[in-house]
Amino acid sequence: MNISRREFLQMLAVASASGISLSACDSDKAATTAGMKSVAKPSSPYELPAFGNVSLMHYTDCHAQLQPIYFREPSINLGIASMKGQPPHLVGDKFLSFYGIQPGSREAHAFTYLNFVEAAKQFGKVGGFAHLSTLVKKVREQRPGSLLLDGGDTWQGSGTSYWTDAQDMVDAQKLLGVDVMTAHWEMTFGADRVKEVIENDFKGHIDFVAQNIVDNDWGEPVFPPYVIKDINGVPTAIIGQAFPYTPIANPRYMVPDWSFGIRDERMQKMVDEARGKGAQVVIVLSHNGMDVDLKMASRVSGIDAIMGGHTHDAVPRPVEVKNAGGTTLVTNAGSNSKFLGVLDLDVKNGKVRDYRYHLVPVFSNLLEADPEMSGYIEKVRAPYKDKLSEKLAVTDDLLYRRGNFNGTFDQLICDALMEVQGAAIAFSPGFRWGVSVMPGEAITFEHVMTQTAITYPTVTLNNLSGTRIKEILEDVADNLFNEDPYYQQGGDMVRVGGLKYSIDPSAQMGSRISDMELDGKPLDPNAEYPVAGWASVAEPIEGRPVWDVVAEYLRDKKTIHDIALNEPRIKGASGNPGYAPTT
């Protein structure tokens, strides 16, 4: 992969719980049944029928959102080759049909973009750590001894996490009762800060695990690869899998002495080692991204379930993946503290015999806020309240980020970069975090920080040739649409302002991007164009942070309306279940 391109890149629960026997862990075929089992609906969306004797709760990619939010799911989440039409690459009506979710329901709103504005007004905000805390406590009451797993991307994504050096989220994790954690964006606070938290704040409270991070000199593990916990008398191993491409997708200088990677062979060794130490259940807490998890599940045997994150996919039912040892469940629990996954396992005679899984949407108006967590959140936000609440402008349009190619808040950022920096073209990273803003709402400084709060936020302006611009777009497109998931890195396509182009996701590297135009004229391969961007992964550079540029733009505009969404012309996507263009 070409690292240089990253300078510009960057309720009701689903009551149909699954219960399919795990032949991977159960050789006694006569004691299991195959096929989907029907489960009676609970009387309340948060009264989940207890099952089995080992329970694990899982949330991931909350991106430092302590408060309830609005968050629109994507209308474009393309799968290509063998991934086409398979979870998680389903959107809108196709998603509802696949999972048997009633259109217009709370579940439909939680899992899809459909009728987002109207549904958000009807069903309210989602997430919030105080509401999530209430749900976690409720599940713990229903399932004594259960563990809470945090899949990472917890410390980054808000103004307060940036200004407190992630301390607000570290303390929130402890208060929430997290038992085990792995990581990705946490690394962007720097290796020293990561070690400081683990060795001090987490000590005696939270186990940090990552089997795939080793030191550059000797290949020795930097962190414990796994931890074995006793759950109701059942030894359960939790193996950590941090984001494998951290030094590529994020600045290498922040973790200069550590090597990442997928490391399938080492994962297999860790699974075998944990089993050898008596683990009857093996869970991988992953930040690979779901397509990578699905491939890993097919290659590594002995894993009962991979509970994954990074790609922000909310998947109501586990995918069962066959491998040499049997079957591994693969789950993904969305983002923004919007969902809580609950995996129940029935373990007998040292083996998993059956399971149930719920991915529970956290609707803040259905769950009372936990008083202790509410008090903490109010206290930690108090010093920044005035700054966060500054009203920069009012939007007449829905502002959102999520989607393979562009979102209206991304477009706003690109427009700000071009106008304030005086650039003809803008590149904004295809990040998947960032909350939605409803029509008629004031755009606050806090909203801007949810879209931009990173530790390397400097805005850049560079003259790039038409040839170089195409190379950047081709490189990013290959990251997103490579047929081999192990060559994907989980973000979306770089957002582009000013430049028009076409993309064929199913084409090969170097042939996906075409029809590049600026101001109605073909882009000259040899001419140079001023390109504004942010989130450079090069060595630290001085300059204005992107949030200041966007805030300046909004203060000047005062009202945002009729956003012209600059999406590429997408070739070959018609009929793809992951494609539902809204215009």
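Heads up: the structure comes first, above all this text.
Since this is a predicted model, take the numbers as computed values, not measurements.

Student: What exactly am I supposed to notice about the overall build of the protein chain here?
Tutor: Within the protein chain one finds 16 helices and 25 strands. The C-alpha radius of gyration of the protein chain comes to 23 Å, within 12% of the 25 Å expected for a compact globule of 583 residues. The principal-axis extents of the C-alpha atoms in the protein chain amount to approximately 70 × 50 × 45 Å. Within the protein chain, buried positions represent 64% of all 583 residues. Approximately 20,500 Å² of the protein chain is accessible, and the part contributed by carbon and sulfur atoms is 48%. Here the protein chain holds 55 positive side-chain charges and 72 negative ones, and the gap between their average locations is 4 Å.

Student: How should the sheet that holds strand 2 (residues 147-150) be read in this particular structure?
Tutor: Working definition: the strands of a sheet are paired by backbone hydrogen bonds and lie parallel or antiparallel to each other. The mixed open sheet is built from 6 strands, whose spatial order is 4-3-2-1-13-14. Only two strands of the sheet have a single partner each, and these edge strands are strand 4 (207-208) and strand 14 (351-361). As paired strands, strand 1 (residues 54-59) and strand 13 (residues 339-348) are joined by 5 bridges and run antiparallel to one another. Across the sheet, the residue bridging to Met57 is Val342, located in strand 13.

Student: Any chance you could explain the packing of aromatic side chains here in plain terms?
Tutor: Aromatic ring pairs are described here by two measures, namely the spacing of the ring centres and the angle between the planes. Per the counting criterion, the structure on display carries 19 aromatic pairs. Measuring from centroid to centroid gives 6.3 Å for Trp155 and Phe202, while their planes differ by 75°, and the two rings are edge-to-face. Of this pair, Trp155 sits in the loop between strand 2 and helix 5 (159-163) while Phe202 sits in the loop between helix 7 (191-201) and strand 4, and the two are 47 residues apart along the sequence. Overall, the relative accessible area of 1% leaves Phe202 in the buried class. With a centroid separation of 5.4 Å and 80° between ring planes, the pair formed by Trp185 and Phe431 is classed as edge-to-face. With Trp185 in the loop between strand 3 (180-181) and helix 7 and Phe431 in the loop between strand 16 (425-428) and strand 17 (442-444), this pair connects stretches of sequence that are 246 residues apart. The same class applies to Trp185 as to Phe431, namely buried. Aromatic rings pair up to connect Phe95, Phe98, Tyr99, Phe111 and Phe339 into one cluster. Directly above the aromatic system of Tyr400 lies the positively charged group of Arg72, at a separation of 3.9 Å from the ring centroid. We note Arg106 situated over the ring of Phe363; from NZ or CZ to the ring centre the distance is 5.4 Å.

Student: In this structure, what is going on with helix 6 (residues 167-176)? I would like to understand it.
Tutor: Taken together, the buried positions of helix 6 are occupied by Asp168, Met169, Val170, Ala172, Gln173 and Leu176. Positive phi appears at Gly177, one or two residues downstream of helix 6, with a value of about 95°.

Student: I keep staring at unusual backbone geometry and nothing clicks. Help me out?
Tutor: Across residues other than glycine, the phi torsion is negative in most instances, and most of the peptide bonds are trans. The omega torsion across Pro87 and Pro88 is 10°, close enough to zero to call that bond cis. By secondary structure assignment, the location of Pro88 is in the loop between strand 1 and helix 1 (92-99). With a phi angle near 55°, Asp153 is a residue other than glycine that sits in the positive phi range. Within the element layout of this structure, Asp153 appears in the loop between strand 2 and helix 5. Its identity as a non-glycine residue notwithstanding, Asn336 has a phi of 60°, on the positive side. Relative to the elements of secondary structure, Asn336 occurs in the loop between strand 12 (326-332) and strand 13. Classification of Asn336 by relative accessible area gives buried; the value is 1%.

Student: Where do I start with the sheet that holds strand 7 (residues 234-241) in this structure?
Tutor: The 6 strands lie next to each other as 6-7-9-10-12-11, forming an open sheet whose pairing is mixed. Every interior strand has two partners, whereas the edge strands, strand 6 (226-231) and strand 11 (319-323), have only one. Across the sheet, the mean angle from the axis of one strand to that of its neighbour is 25°, orientation sign disregarded. For strand 10 (residues 305-308) and strand 12, the ladder comprises 4 bridges, and the chain directions are parallel. Within strand 12, the residue paired with Ile306 across the bridge is Val330. With respect to the sheet, helix 9 (residues 264-276) is in contact with strand 6, strand 7 and strand 9 (281-286), its orientation differing from that of strand 7 by roughly 165°. Along the sheet face, helix 10 (residues 290-299) touches strand 7, strand 9, strand 10, strand 11 and strand 12 and points at about 35° away from the line of strand 11.

Student: Would you explain the pairing of strand 15 (residues 391-395) in this entry?
Tutor: Sheet faces and side chains relate simply in a regular strand, where the side chains alternate between the two faces. When strand 15 meets strand 17, the two strands line up antiparallel, connected through 3 bridges. Note that in strand 17 the partner of Lys391 across the bridge is Thr444. As paired elements, strand 15 and strand 24 (residues 559-560) share 2 bridges and run parallel to each other. Paired with Thr395 across the strands is Ile560, a residue of strand 24.

Student: Would you take a moment to explain helix 10 for this structure?
Tutor: Residues that lie three or four places apart on an α-helix share one face, since the helix turns once every 3.6 residues. Within helix 10, 7 of the 10 residues are buried, leaving the element largely enclosed by the surrounding structure. Buried residues belonging to helix 10 abut strand 7, helix 9, strand 9, strand 10, strand 11 and strand 12.

Student: Can you help me understand the environment of Asp410 in this one?
Tutor: Structurally, the position occupied by Asp410 is in helix 13 (residues 408-421). For Asp410, a relative accessible area of 0% translates into the label buried. For Asp410, the residues in contact, after removing those within four places along its chain, are Tyr400, Arg401, Pro429 and Arg495.

Student: Explain the environment of Phe409 to me, please; I cannot follow it from the model alone.
Tutor: On the secondary structure map, Phe409 appears in helix 13. Aside from chain neighbours lying at most four places away, what touches Phe409 is Leu399, Tyr400, Val435, Val437, Ile443, His447, Val448 and Gln451.

Student: Please explain the pattern of salt bridges as it appears in this structure.
Tutor: Opposite charge on two side chains lets them pair, provided their charged atoms get close. For the structure shown, the criterion picks out 27 salt bridges. Residues Lys557 and Glu419 are paired through a salt bridge, measuring 3.3 Å at the closest nitrogen-oxygen approach. Of this pair, Lys557 sits in helix 16 (residues 546-557) while Glu419 sits in helix 13, placing them 138 residues apart in sequence. A relative accessible area of 43% means that Glu419 is categorised as partly exposed.

Student: How should I be thinking about the pairing of strand 7 in this particular structure?
Tutor: Among the 8 residues in strand 7, 7 count as buried, and that is most of the element. Between strand 6 and strand 7, which pair antiparallel and follow one another directly, the connecting turn spans 2 residues, one of which, Asn232, has a positive phi of 50°. Across 6 bridges, the pairing between strand 7 and strand 9 is parallel. For Ile238, the partnering residue across the bridge sits in strand 9 and is Ile283.

Student: Looking at this model, I keep getting lost on the nonpolar core. Mind explaining?
Tutor: Grouped burial of nonpolar side chains is what soluble globular proteins tend to show. Among the nonpolar cores identified, the biggest contains 120 residues, and Leu56 and Phe129 are the most heavily contacted of them. Contact partners of Phe129, with chain neighbours within four places excluded, come to Tyr59, Cys62, Gln65, Leu66, Met169, Ala172, Leu176, Ser337, Met373 and Ile377. Counting 38 residues, the second-largest nonpolar core is a separate cluster that includes Leu412, Val437, Phe445 and Val448.

Rules used in this analysis
Residue positions are given per chain, counting from 1 as you read along its sequence in written order. For this predicted model, a pLDDT threshold of at least 70 governs which residues receive local features, and a threshold of 80 or more governs which side-chain atom pairs are given and counted, while totals over whole chains, interfaces and linings are taken from all residues. Water and hydrogen atoms were dropped before computing side-chain values, which therefore reflect all heavy atoms in the structure. Secondary structure is summarised from DSSP: a helix means a run of H or I of at least four residues, a strand means a run of E of at least two, and numbering begins at the N terminus for each. What the globule rule says is 2.2 Å times the number of residues to the power 0.38, and the radius of gyration is computed from C-alpha atoms. Buried means the residue's accessible area, taken with a 1.4 Å probe over protein chains only, is under 20% of the maximum for its type, while exposed means over 50%, and partly exposed covers the values in between. Residue exposure ignores everything except the shown protein chains as possible cover, and the areas themselves are Shrake-Rupley values with a 1.4 Å probe. For the purpose of charge, His is not counted, nor are the chain termini; Lys and Arg are scored as positive and Asp and Glu as negative. One atom stands in for each charge, and that atom is NZ of Lys, CZ of Arg, CG of Asp or CD of Glu. Here, strands pair whenever DSSP counts at least two bridges between them. For Phe, Tyr and Trp, where Trp contributes only its six-membered ring, two rings pair if their centres lie within 6.5 Å, and the inter-plane angle classes them as stacked under 30 degrees, edge-to-face over 60, or tilted in between. Here, a charge over a ring means that NZ of Lys or CZ of Arg falls within 6 Å of the ring centre while also lying within 35 degrees of the ring normal. Geometry is summarised by axes, namely lines fitted to C-alpha atoms with helices restricted to the contacting stretch, and by angles between N-to-C directions that run from 0 to 180 degrees. Here, residues are in contact when the closest pair of their heavy atoms is within 4.5 Å. We define a salt bridge as a side-chain nitrogen of Lys or Arg found within 4 Å of a carboxyl oxygen belonging to Asp or Glu. Residues enter a nonpolar core if they are buried and are Ala, Val, Leu, Ile, Met, Phe, Trp, Tyr or Cys, with the set joined through side-chain atoms within 4.5 Å.

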